[in-house]
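Structural overview
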Amino acid sequence: MTKSADSYLDAPKGKSIFAEGDKGQTMYIVESGCVELFLAERGKDAIAVVGPGEFFGEAAMFEDGPRFCSAIAREPSRLLKVERAVFADLLRQNADIALKMMNLLVRRQQQCELNLTVSLAELSRLRRKPAAPAAAPAPKAAPKLAEPAPKPAAAPAAAPKPAEKAERKPEM
């Protein structure tokens, strides 16, 4: 691969190299500067930062799918563009490039696995621990005790027996 002027992209700080969902035919090797990679679902936090000697956009070399993420120059950057059409020839001419790419891809995979393991452990911990209340909870009402059963109504007094009436003396 020749290093002609059109093989390079000089990107000022903040320039979009490509956007998530774009069709990709090119990967980039950072000659100078640095580029941040973003996923829309993750917001403004970069998922990776690549610097001199590193590459990004390599999935475009192996598949026709849309770009997985967006790439934006974090600072002024000079990027070597590698088109899919010349990628295989480049690897055939220089096996060291293939080995370096495989090494970096393995490290990225390992870092991804480590991040996933840490995230799953944190999620598991959060599921086990009850959330702390934001404010003091309102006092709970005391449980209601069963109300005592109503007392049976007193039976009406029995009418005096006729004999009892006779025994009573008039009061004075």
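Everything here concerns the structure above.
Here we summarise the structure given alongside this text.

Rules used throughout
Residues numbered from 1 in each chain as written. Predicted model: local features only at pLDDT ≥ 70, side-chain atom pairs only at ≥ 80, totals over all residues. Heavy atoms only, no water. Helix = DSSP H or I, 4+ residues; strand = E, 2+ residues; numbered from the N terminus. Buried < 20%, exposed > 50% of the residue type's maximum accessible area, 1.4 Å probe, protein only. Contact = heavy atoms within 4.5 Å. Areas by Shrake-Rupley, 256 points an atom, 1.4 Å probe, with all protein chains shown as cover. Pairing = 2+ DSSP bridges. Axes fitted to C-alpha atoms, helices over the stretch in contact; angles between N-to-C directions. Core = buried A, V, L, I, M, F, W, Y, C linked by side-chain atoms within 4.5 Å. 1 Å grid on protein atoms, 1.4 Å probe; cavity = no way out; pocket = protein on both sides within 12 Å on 5 of 7 lines; lining within 4 Å. Points joined across faces, edges and corners; volume = space filled by probe spheres on them. Nonpolar A, V, L, I, M, F, W, Y, C, P; charged D, E, K, R; others polar. Expected span 1.5 Å × (residues − 1). Polar contact = N/O pair within 3.5 Å; in protein donor to acceptor, adjacent residues only side chain to side chain. Salt bridge = Lys/Arg side-chain N within 4 Å of Asp/Glu carboxyl O.

Describing the overall build of the protein chain
- Looking only at helices and strands, the protein chain has three helices and eight strands in total.
- The linear arrangement of helices and strands in the protein chain, starting from the amino end, is β-β-β-β-β-β-β-β-α-α-α.
- Looking at the protein chain residue by residue over its 172 residues, the buried ones come to 23%.
- Residue pairs in contact within the protein chain that sit at least 24 positions apart in sequence constitute 72% of those at least 6 positions apart.
- Surface exposure of the protein chain reaches about 13500 Å², of which carbon and sulfur atoms provide 59%.

Let's talk about the sheet that holds strand β6 (residues 55–56)
- One open sheet holds the four strands; their spatial order is β1-β8-β3-β6, and the pairing between them is antiparallel. Only two strands of the sheet have a single partner each, and these edge strands are β1 (8–11) and β6.
- Pairing of strand β3 (residues 26–32) with strand β8 (residues 77–83) involves six bridges; the strand directions are antiparallel. Bridge pairing in β8 links methionine 27 to valine 82.
- Each of β3 and β8 touches helix α1 (residues 84–93); the most contacted strand, β8, lies at about 90 degrees to it.

Things to note about the nonpolar core
- By size, the foremost hydrophobic cluster in this structure holds 15 residues, and its most contacted members are Ile17, Tyr28, Val35, Phe56, Ala71 and Leu79.
- Listed by contribution, the elements that provide at least two residues to this core are β1, β2 (16–18), β3, β4 (35–38) and β7 (70–73).
- One finds Met27, Phe55, Leu90 and Met101 within the second-largest nonpolar core, a separate group that totals nine residues.

Quick look at the layout of surface pockets
- Here the largest pocket defines a volume of roughly 920 Å³.
- The element best represented in the lining of the largest pocket is helix α2 (residues 95–128), accounting for nine residues.
- Residue composition of the lining of the largest pocket, by class: 18 nonpolar, six polar and seven charged.

Quick look at the sheet that holds β4
- Strand order in this open sheet of four strands is β2-β7-β4-β5, and the pairing throughout is antiparallel. The strands lining the two open edges of the sheet, one partner per strand, are β2 and β5 (48–50). The average undirected angle you get between the axes of adjacent strands in this sheet is 30 degrees.
- Bridging between β4 and β7 involves four bridges; their strand directions are antiparallel. Residue pairing in the sheet places valine 35 in a bridge with alanine 73 of β7.

Brief notes about α2
- Compared with an ideal rise of 1.5 Å per residue, which puts 34 residues at 50 Å, α2 spans 50 Å between its outermost C-alpha atoms and is within 8% of the ideal.
- For α2, the N-terminal capping position is held by asparagine 94, with its side-chain oxygen 3.1 Å away from the main-chain nitrogen of aspartate 96.

Some remarks on empty space enclosed by the protein
- Scanning all chains against the criterion turns up one cavity of 30 Å³ or more.
- Looking at the largest cavity, its volume works out to about 30 Å³.
- Lining the largest cavity are Met27, Ile29, Val82, Phe87, Leu90, Leu91, Ile97 and Met101.
- In terms of residue class, the lining of the largest cavity is made up of eight nonpolar, no polar and no charged.

Some details on the pattern of salt bridges
- With the rule as written, the count across this model stands at seven salt bridges.
- Between arginine 108 and glutamate 58 there is a salt bridge, with its nearest N and O atoms 3.0 Å apart. On the criterion of sequence distance, the pair formed by arginine 108 in helix α2 and glutamate 58 in the loop between β6 and β7 is long-range, its members being 50 residues apart.
- When its relative accessible area of 27% is taken as the criterion, arginine 108 is described as partly exposed.
- The partner of aspartate 64 in a salt bridge is arginine 84, and the shortest N-O contact between them spans 2.4 Å. Separated by 20 residues along the polypeptide, aspartate 64 in the loop between β6 and β7 and arginine 84 in helix α1 bring together distant segments of the chain.
- Of the residues examined, aspartate 64 reaches a relative accessible area of 52% and is grouped as exposed.
- Three or more residues are tied together by salt bridges with common partners; here these are Asp10, Glu31 and Arg78.

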